[in-house]
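Chain by chain, the residues run as shown.
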Amino acid sequence: MSSPPAATFRESNAHIPGEEGIWILIFGDLVVFSLFFSIFLYYRGRNVELFDASQAHLNQELGAINTLLMLSSSWFVATAVQAARKNLARLTPLCFMMALACGVAFGVVKVLEYAEKIRAGITLNTNDFYMYYFVFTGIHFLHVLIGMGVLSVLAVYTRAGRFDASSIRHLETGASFWHLVDLLWIVLFALLYLIK
Amino acid sequence: MGQGLGIADLRYAGIAILIVTFVKVRFVMLEFMELRSAPAFMRLGAQVWAAVICVILIVLFLNASH
């Protein structure tokens, strides 16, 4: 019992980032969103003209800006975790704050985009395309809000510096969730804004 | 005049967009989510999911009746 057998070394060297529970949540979210993505393309296939005509009214620039914001935000979070591992007490909370700022900017752009649509009389009830647009981006936006809460907590939590294994595990848990939010947006952007 | 994309071009473009999208997804999972150094079932599971959902979406996309 004193030392593990050599054969298990490789696998024990593998590392699950964060708490295991977060991966169950991520897995569940991926399953649900896989269903969303498939439903969207299935119904698009039955009414391509309507979906393409509706998509033409989406603001691709705003969608692209948000994609850039999400990717930058995710990069800041990944950098923050790396910085914590190197015990960089100043850089870690700074990166979380930059990530949070990108998240806030994403939220502002999204609200502007929704406002633009609603002013033009486009709502959830306009047609199937916009029903999916508002529901899917809305559920994603809920994830962004939760993630921003997590990033705020991590930015404050890391200000004390001195990162041990358990605190890094907490950071990895929050980071993994935020990367999921990024990942889901990448696919939503392609489906809703890009493919014709 | 006459420089508009045909349906075939749009289909190729759509397939390319979906493939690039899931290459990005794979990058986010392996590098940002750090699954590259995770146990094999997670590392491979994530990539199998990305490949399968990418193929499903391409099939559904091509199934559109113009």
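An account of the accompanying structure is given in this report.

What counts as what
Residues numbered from 1 in each chain as written. Chains lettered and ligands numbered in written order. Predicted model: local features only at pLDDT ≥ 70, side-chain atom pairs only at ≥ 80, totals over all residues. Heavy atoms only, no water. Disulfide = S-S within 2.5 Å. Buried < 20%, exposed > 50% of the residue type's maximum accessible area, 1.4 Å probe, protein only. Helix = DSSP H or I, 4+ residues; strand = E, 2+ residues; numbered from the N terminus. Contact = heavy atoms within 4.5 Å. Patch = residues over 30% accessible without salt bridge, like charges linked within 9 Å, V, L, I, M, F, W, Y side chains within 5 Å. Areas by Shrake-Rupley, 256 points an atom, 1.4 Å probe, with all protein chains shown as cover. Salt bridge = Lys/Arg side-chain N within 4 Å of Asp/Glu carboxyl O. Phe/Tyr/Trp six-rings, centres within 6.5 Å; stacked < 30°, edge-to-face > 60°. Lys NZ or Arg CZ within 6 Å of the ring centre and 35° of its normal. 1 Å grid on protein atoms, 1.4 Å probe; cavity = no way out; pocket = protein on both sides within 12 Å on 5 of 7 lines; lining within 4 Å. Points joined across faces, edges and corners; volume = space filled by probe spheres on them. Nonpolar A, V, L, I, M, F, W, Y, C, P; charged D, E, K, R; others polar.

Time to look at the state of the cysteines. Two cysteines, two sulfur atoms, one covalent bond between them: this is a disulfide. Residue and element names in this part refer to chain A. For the structure on display, the rule yields zero disulfides over all chains. For the unlinked cysteine Cys95, the closest cysteine sulfur is that of Cys102, found at 11 Å. Taking the relative accessible area as the measure of exposure, Cys95 reaches 6% and is therefore buried.

With that out of the way, let us pick up the side chain of Ser167 of chain A. Within the secondary structure, Ser167 of chain A sits in helix α7 (residues 165–194). In contact with Ser167 of chain A, other than residues within four places in its own chain, are Tyr157 and Arg162 of chain A.

This paragraph deals with a nonpolar patch on the surface. A contiguous nonpolar surface patch, about 410 Å² in accessible area, is contributed by Leu88, Leu91, Leu94, Met97 and Met98 of chain A. Its place among the elements puts Leu91 of chain A in helix α5 (residues 91–119).

With that settled, the discussion passes to the packing of aromatic side chains. Taken as a whole, this structure holds 24 aromatic pairs over all chains when the rule is applied. Here the guanidinium or amino end of Lys110 of chain A rests over the ring plane of Tyr114 of chain A, the centre of that ring lying 5.3 Å away.

Here the focus is empty space enclosed by the protein. All names here are of chain A. A complete count under the given rule lists one cavity of 30 Å³ or more for this structure. By volume, the largest cavity amounts to about 30 Å³. In this structure, the largest cavity is lined by Phe40, Arg44, Phe51, Asp52, Gln55, Phe129, Leu191, Leu192 and Ile195. Broken down by element, the residue count for the lining of the largest cavity peaks at three residues, all from helix α3 (residues 48–55). Looking at side-chain class alone, the lining of the largest cavity contains six nonpolar, one polar and two charged residues.

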